[in-house]
Amino acid sequence: MCPGRAANTAVLAEGARLLINDPARCEGVRVIGVDEHVWRHTPYGDKYVTVILDVTPVRDRRGPSRLLDMVPGRSKQVFKTWLASRPDTWRERIEIVAMDGFTGFKSAAAEELPGARAVMDPFHVVHLAGNALDECRRRIQQELHHRRGRATDPLYKARRMLHTRSCLLTPRQQHQILDLFASDYHVALEVTWSVYQNIIDAYRAPDTDVGKALMQAEINTLTSTRVPRGLTELITLGRTLKRRAGDILAYFDHPHTSNGPTEAINGRLEHLRGSALGLAKPHQLHHPSTPRNRRIQTPTTPPIMKSQLRRPRRFAGASLLYAPCCMRAVFFIRWFVWGLCELRDETLKGLNPVEERSEIESMKQVLCRTGKQAVVVLHSRSNLDCFETVVNIGE
């Protein structure tokens, strides 16, 4: 076993003993948050994991949330199986489950935690309203111009301002919004924007009772028969909000039970996955061996700008730098700034493949005798086999 793999195995075993197998790890949990996270950005295998957090410290305003577990997969059965594996006494103590709009999590929580209250957090509710706003803007864009938005189109230029809370708009942005809504073709967008702002105002209300009344009134308006049939985005949004109205309004009865800490943990997990490129499964801390007929799980960036600049390797051969001219210039400058005066730049430009190979062979003989290095910019892929070390930083 290689030293790196042995060290990772030892770390995993010790971490499982101290953290995962600790019986007191799940003590004191009253509020949990659940959300999915895209762990593998590949077309094969399970790309999702279910993240479960302890949000009790956030609800009680006494500390940050804690990561309880990460389960491969995203479905009702995955979350239900995890809950069923917990002791009965632990499940009976759970009071609130914060989640997004995925019905699988709600069904699993209702079956395994009948005494807990499901809460749909504000982030996902506002996200649903924002999606309806974007869909309405794109639909109007297609109806008016029969194409996607461009940088000069008023609708496209206002796409970010439309998602800003009205009280946070600058005077200039307020005038731009008014000019946008002055057109009769943008009436549907103005109505959808008003609904989006009303949902945000309900969550920002200083009194939770007032905010709950505002949200209830907005849901009733969207599900009434007064909504014109042409506002398809609002009709779909109202149908979704009505189906989860109880979970949405429950947030106002249980403040600080948002799923925001779960989203924050997802960001940290994404950073961890990016730092450990090539991870195939969440529980692996070492780089997996990749089959020959499959590519690495996540595309990696060659680490030449960090590792080789600090401590360049010595080899009696040539390196291939295959990059645009601007990138080559920056790379050569950084190498020479670090005092590698013996490093030479050889550009084989204007030679055919046969002449290029002959020049490379003669160059390698000189380098082997002198023990120096050279960066060779190759222009023919057929001569790649001439090199022992190849660095590719872009096409």
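Residues numbered from 1 in each chain as written. Predicted model: local features only at pLDDT ≥ 70, side-chain atom pairs only at ≥ 80, totals over all residues. Heavy atoms only, no water.

Q: When you look at the overall build of the protein in this model, what are you seeing that I'm missing?
A: When you go through the protein residue by residue, the secondary structure sums to 16 helices and 9 strands. Expressed as a percentage of its 395 residues, the buried residues of the protein come to 40%. Long-range pairs, those at least 24 residues apart, make up 65% of the contacts in the protein between residues at least 6 apart in sequence. (Helix = DSSP H or I, 4+ residues; strand = E, 2+ residues; numbered from the N terminus. Buried < 20%, exposed > 50% of the residue type's maximum accessible area, 1.4 Å probe, protein only. Contact = heavy atoms within 4.5 Å.)

Q: How should I be thinking about helix H9 (residues 187–204) in this particular structure?
A: Along an α-helix, residues three or four positions apart point the same way, because every turn accommodates 3.6 residues. Over its 18 residues, H9 extends 26 Å from the first C-alpha to the last, a length consistent with the 26 Å expected when each residue adds 1.5 Å. Among the residues making up H9, those that are buried are Ala 188, Leu 189, Thr 192, Trp 193, Val 195, Tyr 196, Gln 197, Ile 199, Ile 200, Ala 202 and Tyr 203. (Expected span 1.5 Å × (residues − 1).)

Q: It is not clear to me how the sheet that holds strand S5 (residues 117–120) should be interpreted in this structure. Could you clarify?
A: Consider a sheet: its strands pair through backbone hydrogen bonds, and that pairing is either parallel or antiparallel. A sheet is described by the order of its strands in space; here 5 strands give the open sequence S3-S2-S1-S4-S5, paired in mixed fashion. Looking at which strands have only one partner, the edges of the open sheet turn out to be strand S3 (66–72) and S5. Strand-to-strand twist across the sheet, computed as the mean angle between neighbouring axes with direction ignored, equals 25°. When strand S4 (residues 96–99) meets S5, the two strands line up parallel, connected through 4 bridges. Residue pairing across strands places Val 97 opposite Ala 118, the latter belonging to S5. Where helix H5 (residues 103–112) meets the sheet, its contacts fall on strand S1 (31–38), strand S2 (48–54), S4 and S5, and the angle it forms with S4 comes to roughly 170°. (Pairing = 2+ DSSP bridges. Axes fitted to C-alpha atoms, helices over the stretch in contact; angles between N-to-C directions.)

Q: Could you clarify how one ought to interpret the environment of Lys 47 in this entry?
A: Within the secondary structure, Lys 47 sits in the loop between S1 and S2. In this view, Lys 47 contacts His 37, Val 38, Trp 39 and Arg 40; residues no more than four positions away in its chain are not counted.

Q: Looking at this model, I keep getting lost on the pattern of salt bridges. Mind explaining?
A: For side chains of opposite charge, pairing can occur when their charged atoms come near one another. Applying the stated criterion across every chain, the model contains 18 salt bridges. The partner of Glu 27 in a salt bridge is Arg 93, and the shortest N-O contact between them spans 3.8 Å. One end of the pair, Glu 27, is in the loop between helix H1 (3–20) and S1; the other, Arg 93, is in helix H4 (residues 88–93), and 66 residues separate them in sequence. Exposure remark for Arg 93: the relative accessible area of 28% places this residue in the partly exposed category. The partner of Glu 143 in a salt bridge is Arg 139, and the shortest N-O contact between them spans 3.2 Å. Pair noted here: Glu 143 and Arg 139 are both in helix H6 (residues 122–145), with a separation of 4 residues, about one helical turn. With a relative accessible area of 49%, Glu 143 lands in the partly exposed category. Connected via shared salt-bridge partners are Arg 59, Asp 60, Arg 62 and Glu 95. (Salt bridge = Lys/Arg side-chain N within 4 Å of Asp/Glu carboxyl O.)

Q: So what exactly am I meant to see when it comes to the nonpolar core here?
A: Soluble, globular proteins show a tendency: their nonpolar side chains are buried together. Leu 162, Leu 189, Ile 199, Tyr 203, Met 215, Leu 237 and Leu 241 are the most contacted members of the largest nonpolar core, which has 51 residues in total. Examining the composition of this core, we find that 9 residues originate from one element, H9, more than from any other. Discounting residues that sit within four places of it in the chain, Ile 199 has contacts with Val 125, Val 126, Ala 129, Met 215, Glu 218 and Leu 241. Among the nonpolar cores identified, the runner-up in size contains 20 residues, and Ile 52, Val 71, Met 99 and Ala 108 belong to it. (Core = buried A, V, L, I, M, F, W, Y, C linked by side-chain atoms within 4.5 Å.)

Q: Got a minute to help me understand the packing of aromatic side chains in this structure?
A: Geometrically, a pair of aromatic rings is defined through the distance of the ring centres and the angle of the planes. What the rule picks out here adds up to 7 aromatic pairs. Judged by centre distance (5.8 Å) and plane angle (80°), the ring pair of Trp 82 and Trp 90 falls under edge-to-face. Here Trp 82 matches Trp 90 in class, with each residue buried. Seen in terms of ring centroids, Tyr 251 and Phe 252 are 5.9 Å apart; in terms of plane orientation they differ by 75°. Their pairing is edge-to-face. The exposure class of Tyr 251 is buried, given its relative accessible area of 17%. Residue classification places Phe 252 among the buried positions, given a relative accessible area of 6%. Put simply, the rings of Phe 79, Phe 102 and Phe 105 pair up and form one aromatic cluster. A cation sits over an aromatic face here: Arg 74 above Tyr 48, 4.4 Å from the ring centre. (Phe/Tyr/Trp six-rings, centres within 6.5 Å; stacked < 30°, edge-to-face > 60°. Lys NZ or Arg CZ within 6 Å of the ring centre and 35° of its normal.)

Q: When you look at the pairing of S2 in this model, what are you seeing that I'm missing?
A: Two faces, one strand: in a regular strand the side chains alternate between the faces of the sheet. Within S2, 6 of the 7 residues are buried, which leaves the element mostly enclosed by the surrounding structure. Pairing between S1 and S2: 7 bridges, direction antiparallel. Opposite Gly 33, over in S2, you have Leu 53 as the bridge partner.

Q: When you look at the side chain of Arg 86 in this model, what are you seeing that I'm missing?
A: As for its placement among the helices and strands, Arg 86 is situated in the loop between helix H3 (76–84) and H4. Of the buried charged residues, Arg 86 lacks a salt bridge, with Asp 69 as the closest side chain of opposite charge at 4.9 Å. Polar side-chain contacts of Arg 86 include one of 3.5 Å to the backbone oxygen of Trp 82. At 3.3 Å, the side chain of Arg 86 forms a polar contact with the side chain of Ser 85. If we ignore the near neighbours within four places in the chain, the residues touching Arg 86 are Cys 26 and Arg 91. (Lys, Arg positive; Asp, Glu negative; His and termini not counted. Polar contact = N/O pair within 3.5 Å; in protein donor to acceptor, adjacent residues only side chain to side chain.)

Q: In this structure, what is going on with unusual backbone geometry? I would like to understand it.
A: Generally, phi is negative for residues other than glycine and the peptide bonds are trans, each holding for most cases. Unusually for a residue other than glycine, His 146 sits at a positive phi of about 60°. For His 146, the position within the fold is in the loop between H6 and helix H7 (154–157). A residue is classified by how much of its surface remains accessible, and His 146, at 67% relative accessible area, is exposed. Unusually for a residue other than glycine, His 256 sits at a positive phi of about 65°. For His 256, the position within the fold is in the loop between helix H12 (245–253) and helix H13 (260–275). Given a relative accessible area of 37%, His 256 falls into the partly exposed group.

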